[in-house]
Amino acid sequence: MTMKKWIAAICLLPAMAVWAQTDKPITIVVPTAAGGGNDAMARTVGQKMSVLLGRTVIVENKAGANGALAAEYVARAAPDGNTLMFGYIATHSMNPALQKLRYDPIKDFEPVGLVGYSPTVLVVNPTVKAKDVKELVKLLKDKPDAYSFASAGNGTAPHFTAELFKLTTQTQPLHVPYKGSAPAITDTIGGQTQLMFPSLFTALPYIKSGKLNGLAIAGAKRSSVLPNVPTLKEQGIDGVDVEQWYGFFAPAKTPKETIAKLNQSLNKALADPEIIKRLEGHGADVESGTPEQLGDLVKKDLAKWRSVVQRAKLQAD
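Computed from a predicted model, the values in this text were never measured in an experiment.

**What about the pattern of salt bridges?**
(1) Moving on: For the coordinates displayed, the defined rule picks out nine salt bridges.
(2) Moving on: Where Glu60 meets Lys62, a salt bridge forms, and the shortest distance between an N and an O atom there is 3.2 Å.
(3) Moving on: Of the residues examined, Glu60 reaches a relative accessible area of 28% and is grouped as partly exposed.
(4) Moving on: For the salt bridge of Arg222 with Glu234, the shortest nitrogen-to-oxygen distance reads 3.0 Å. Taken together, the residues Arg222 in the loop between strand S8 (213-218) and strand S9 (243-251) and Glu234 in the loop between S8 and S9 connect sequence positions 12 residues apart.

**As for the environment of Thr188**
(1) Moving on: Among the secondary structure elements, Thr188 is positioned in helix H7 (residues 181-190).
(2) Moving on: Here the alpha-carbon distance between Thr188 and Asp104, two residues 84 residues apart in the chain, equals 32 Å.
(3) Moving on: In terms of polar contacts, Thr188 uses its side chain to reach the backbone carbonyl oxygen of Ala184, at 2.9 Å.

**Side note on the environment of Ala75**
(1) Moving on: Relative to the assigned elements, Ala75 resides in helix H3 (residues 68-75).
(2) Moving on: With relative accessibility at 18%, the residue Ala75 sits in the buried group.
(3) Moving on: Excluding anything up to four places from it in sequence, Ala75 contacts Asp108, Phe109 and Pro251.

About the criteria used
- Per chain, residues are indexed from 1 in the order of the written sequence.
- Confidence filtering applies because this is a predicted model: local features only for residues at pLDDT of at least 70, side-chain atom pairs given and counted only at 80 or more, and all residues used for totals across whole chains, interfaces and linings.
- Note that water and hydrogens are dropped before the side-chain values are worked out from all heavy atoms of the structure.
- Salt bridges are counted wherever a side-chain nitrogen of Lys or Arg sits within 4 Å of a carboxyl oxygen of Asp or Glu.
- Relative accessibility decides the category of a residue: with a 1.4 Å probe and only protein chains considered, values under 20% of the type maximum give buried, values over 50% give exposed, and everything between is partly exposed.
- Secondary structure elements are defined from DSSP: runs of H or I of at least 4 residues count as helices, runs of E of at least 2 residues count as strands, and each element is numbered from the N terminus.
- Under the rule applied, a polar contact is a pair of N or O atoms within 3.5 Å (in protein, one hydrogen donor and one hydrogen acceptor; residues adjacent in sequence only if both atoms are side-chain atoms).
- Contacts: residue pairs with any heavy atoms within 4.5 Å of one another.

Okay, here's the thing in structure tokens:
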């Protein structure tokens, strides 16, 4: 390390000490409604980070505009490490690929670290008389006006997965967007909508309780927590492979030393056996990493979904 870098590092130590010792809470902003999978995951990890950092960590739900409301809020927050976003595939790749937003998923954020992945699963209300995907496709083609699919909003994983499913199967169920996965899955359980592609993390409790029927995993392989549910590919539907990822982001220009401290506590939290058990028990695969790895994932995924939007000619409803 050069003398200039040593001096810069020493000068930053007082600021880091102030950040670590302040009584101000760290706020994790979740872009979906309370009660959904994102919310549960953020709270689980946030509680452990609170202990590791010796700081109060609170979770604030800012659902709206399909995640854009929360993203804009965090992008414009002070870059002091006290406001974080629990971002995911929709806020940082899908929705920005679908439409022009008032935030840039790359320029307006500093990646903190990856939390993990959860495959997308096709679920239907139990009144839908289909025991597999082949029977569901037949129903959708026989009565195209009788079925609708719920999503967590335009540009979210449930929306994109359903659109890819429609394109592949040449079916046309009506899209009903909601403000988050929690109200969307509630209405699918209630029968107001008949099918949905939520994350497995969100859907698993309802599949286990029999409130929803899981017909297929929209991923590369079966899930260990639902070993009897085949993938879409196994059932003849190829090209619909959507694995949702989740990660923490800070506002752009947050000091690298603060990001490093947050990344360290996040990765320690994700290494805790109890945290792993809780997340994996709901169908999520825990995976930590560096800020740079999360940043590379965002760039790669954003390019991928922009290509999908162009090929499928998707538009925000």
